[in-house]
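Descriptive analysis of the structure
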Amino acid sequence: ALADGLETRRHGRDPERGERRGHRSERTESVCDSSHGPKQSTMEGSYDRSVAEFLSAAWLTRLDELAQASAALTGAAEQPVVIEQEVLRDDGDTVVYYLVLGPGPARVHPGPAEHADLSLAPTEDAARRMHAGATNAQSCLADGTLRVRGNRDVLARHAEVLERVGDVFADARR
């Protein structure tokens, strides 16, 4: 359901293929080299096509794969801890997903959680900056680009494992 919603909200862009507005795809063009005549040159887009587009269904799938494979997140809590993220996109839409930390492997699921212990609601810009490692949640809380709802004690009780989440998900931005 989230994938369908994402696809229709993207105004014809295909998130599964990583298409993004303003990014050219790889193309070949002739380049004139005065000493050797014309030659073919490959022009690459401005990002790695193997990295799924931020907030796309493919990106959420990649986060789930990384979470499940992470020994650092496996067995992170005795009881399941659910942290929901609702990204307020610049176009007015939202992308909602949640992370479950518990006795087994960690998981990332698209859509809203049935019961979230903590909900984070960053703007799209704040979410991108946090994802890139350019800022942290504390800074975004201070500048008003992140709202927090729910049990804030979850942050204190699970601070150590939550710090590892960013490291685990770093592969989703490479």
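Reading the values: the criteria
- Going along each chain's sequence as written, the residues are numbered from 1 onward.
- Given that this is a predicted model, residues contribute local features only at a pLDDT of at least 70 and side-chain atom pairs are listed and counted only at 80 or more, while totals for whole chains, interfaces and linings are drawn from all residues.
- Excluding hydrogens and water, the side-chain values take into account all heavy atoms of the structure.
- By definition, any uninterrupted DSSP run of H or I lasting at least four residues is a helix, any uninterrupted run of E lasting at least two residues is a strand, and each is numbered from the N terminus.
- Expected helix span is computed as 1.5 Å times (number of residues minus one).
- Exposure is judged per residue with a 1.4 Å probe applied to protein chains only, and the accessible area is read against the type maximum: over 50% gives exposed, under 20% gives buried, and values in between give partly exposed.
- Each pair of strands is called paired provided DSSP finds at least two bridges between the two strands.
- Axes here mean lines fitted to C-alpha atoms, for a helix over just the part in contact, with angles spanning 0 to 180 degrees between N-to-C directions.
- Contacts are residue-level and defined by heavy atoms, with any inter-residue pair within 4.5 Å sufficient.
- Here a Phe, Tyr or Trp ring, Trp counted by its six-membered ring, pairs with any other such ring whose centre lies within 6.5 Å, and the pair is stacked when the planes are under 30 degrees apart, edge-to-face when over 60, and tilted otherwise.
- Nonpolar cores are built from buried Ala, Val, Leu, Ile, Met, Phe, Trp, Tyr and Cys residues. Side-chain atoms within 4.5 Å join them into one set.
- It is the directions from the helix axis to the C-beta atoms that the arc portrays.

**Some words on helix α2 (residues 57-69)**
Its 13 residues place the ends of α2 19 Å apart at the C-alpha level, agreeing with the 18 Å of an ideal helix rising 1.5 Å per residue. Residues of α2 that are buried: Ala57, Ala58, Trp59, Leu60, Leu63, Asp64, Leu66 and Ala67.

**Remarks on the sheet that holds strand β3 (residues 81-88)**
With respect to topology, 5 strands assemble into an open sheet ordered β5-β4-β3-β6-β7, the strand pairing being mixed. Strands at the two margins of the open sheet, each flanked by one partner only, are β5 (107-110) and β7 (146-150). On average, each strand axis in the sheet is tilted by 20 degrees relative to the strand beside it, whichever way the strands run. Along the sheet, α2 makes contact with β4 (94-101) and β5, crossing β5 at roughly 160 degrees. Packed on one face of the sheet, helix α6 (residues 159-169) meets β3, β4 and β5 and runs near 120 degrees to β4.

**Description of the packing of aromatic side chains**
Applying the stated criterion across every chain, the model contains 2 aromatic pairs. Residues phenylalanine 54 and tryptophan 59 carry aromatic rings whose centres are separated by 4.8 Å and whose planes lie at 70 degrees to one another, so their mutual orientation is edge-to-face. Centre to centre, the rings of tryptophan 59 and tyrosine 97 are 5.7 Å apart; their planes meet at 85 degrees, and the pair counts as edge-to-face. Of this pair, tryptophan 59 sits in helix α2 while tyrosine 97 sits in strand β4, placing them 38 residues apart in sequence. Comparing tryptophan 59 with tyrosine 97, the two get one shared label, buried. Every member of this aromatic cluster is reached through a ring pair, and the members are Phe54, Trp59 and Tyr97.

**With respect to the side chain of histidine 158**
Here histidine 158 shows up in the loop between α5 (153-157) and α6. Classification of histidine 158 as buried rests on a relative accessible area of 14%. Not counting residues within four places of it along the chain, the set of residues in contact with histidine 158 comprises Ala76, Ala77 and Val81.

**A look at the environment of tyrosine 98**
Position of tyrosine 98 among the secondary structure elements: in strand β4. Residues tyrosine 98 and leucine 120 lie 22 residues apart in sequence; the distance between their C-alpha atoms is 9.7 Å. The residues contacting tyrosine 98, other than those within four sequence positions of it, are Val82, Ile83, Glu84, Arg107, Val108, His109, Pro110, Gly111, Pro112 and Ala113.

**Structural notes on the pairing of β5**
As paired elements, β4 and β5 share 4 bridges and run antiparallel to each other. Residue pairing for β5: leucine 99 is matched across the bridge by valine 108.

**Brief notes about the nonpolar core**
One finds Trp59, Leu63, Tyr97 and Phe169 to be the most contacted residues of the largest nonpolar core, which totals 31 residues. For this core, the secondary structure elements donating two or more residues are α2, β3, β4, β6 (118-122), α3 (124-132), β7 and α6. The dominant element in this core, judged by the number of residues it contributes, is α2, at 5 residues. Non-local contacts of tryptophan 59, meaning those with residues more than four positions away in its chain, are made with Ala52, Glu53, Phe54, Tyr97, His131 and Ala172.

**Some points on α3**
Where α3 is concerned, the buried positions are Glu124, Ala126, Ala127 and His131. Here the buried residues of α3 occupy an arc of 160 degrees about the axis, which is enough to place them on one side. Summarising the contacts, the buried residues of α3 are in contact with α2, β3, β6, α4 (137-143) and α6.

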